[in-house]
Amino acid sequence: MTSRYVIHLPVTAADLARAKMLARTAARSLAFLTHVDPGETTVSAEDNQGVRHRVFCDRRLENGRRCILRADHETPCTARLPMSRRSI
């Protein structure tokens, strides 16, 4: 069995909302790499790293792909960002 390793890259943000935004941006910018799994991106408080907050919804869609919207979205799930948000 091949071992897998997870990279933990500490980056600080002023609050949870900004941390999630930064994590989404970083994950999406690296998504072209085959070994990056953006759907598993989480953030935590520096002094409470055992409590993690999901960044993406990551629900499985009918076509087998996963939803790429933020974890707390209120719109229908989608596998692609709407055109107006692709530059974010």
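This text goes with the structure placed above it.
Bear in mind the structure is a predicted one, so any value in this text is a computation, not a measurement.

Enquirer: Help me understand the side chain of T41, please; the structure alone is not making it clear to me.
Expert: Within the secondary structure, T41 sits in the loop between α1 (16-30) and β1 (42-45). A polar atom in the side chain of T41 sits 2.7 Å from the backbone oxygen of P38.

Enquirer: What am I meant to see in the state of the cysteines here?
Expert: Cysteine pairs can be covalently joined through their sulfur atoms, and such a bond is termed a disulfide. Scanning the entire structure with this criterion turns up zero disulfides. As a non-bridged cysteine, C77 has C67 as the owner of its nearest cysteine sulfur, 3.7 Å distant. Relative accessible area serves as the criterion here: at 29%, C77 is assigned to the partly exposed category.

Enquirer: Where do I start with a nonpolar patch on the surface in this structure?
Expert: Taken together, the side chains of I7, L9, V11 and L22 present a nonpolar region at the surface, about 470 Å² in accessible area. For I7, the location among the structural elements is in the segment before α1.

Enquirer: Teacher, can you tell me more about the environment of G64 here?
Expert: Its place among the elements puts G64 in the segment after β2 (48-54). Of the residues examined, G64 reaches a relative accessible area of 35% and is grouped as partly exposed. For the pair G64 and L16, spaced 48 residues apart in sequence, the C-alpha separation works out to 30 Å.

Enquirer: What should I look at first to understand the side chain of R24 in this one?
Expert: Secondary-structure assignment places R24 in helix α1. No salt bridge is formed by the buried R24; its nearest oppositely charged neighbour, D72, is found at 5.6 Å.

Enquirer: Just to check I follow, could you spell out α1 for this structure?
Expert: Residues that lie three or four places apart on an α-helix share one face, since the helix turns once every 3.6 residues. Under the 1.5 Å per step criterion, the end-to-end length of α1 is 21 Å for 15 residues, consistent within 8% with the ideal 21 Å. Turning to α1, its buried residues are A19, K20, A23, R24 and A27. Each buried residue of α1 sits inside an arc of 135 degrees when the element is viewed along its axis, so together they form one side. For α1, the exposed residues set more than 90 degrees away from the buried face come down to A17, R18 and M21. The inward-facing, buried residues of α1 contact β1 and β2. Where α1 starts, the residue carrying a side-chain oxygen 3.3 Å from the main-chain nitrogen of A17 turns out to be D15.

Definitions and limits used
Residues numbered from 1 in each chain as written. Predicted model: local features only at pLDDT ≥ 70, side-chain atom pairs only at ≥ 80, totals over all residues. Heavy atoms only, no water. Helix = DSSP H or I, 4+ residues; strand = E, 2+ residues; numbered from the N terminus. Polar contact = N/O pair within 3.5 Å; in protein donor to acceptor, adjacent residues only side chain to side chain. Disulfide = S-S within 2.5 Å. Buried < 20%, exposed > 50% of the residue type's maximum accessible area, 1.4 Å probe, protein only. Patch = residues over 30% accessible without salt bridge, like charges linked within 9 Å, V, L, I, M, F, W, Y side chains within 5 Å. Areas by Shrake-Rupley, 256 points an atom, 1.4 Å probe, with all protein chains shown as cover. Salt bridge = Lys/Arg side-chain N within 4 Å of Asp/Glu carboxyl O. Lys, Arg positive; Asp, Glu negative; His and termini not counted. Expected span 1.5 Å × (residues − 1). Arc of directions from axis to C-beta. Contact = heavy atoms within 4.5 Å.

No statement about biological role is implied by the geometric values presented.
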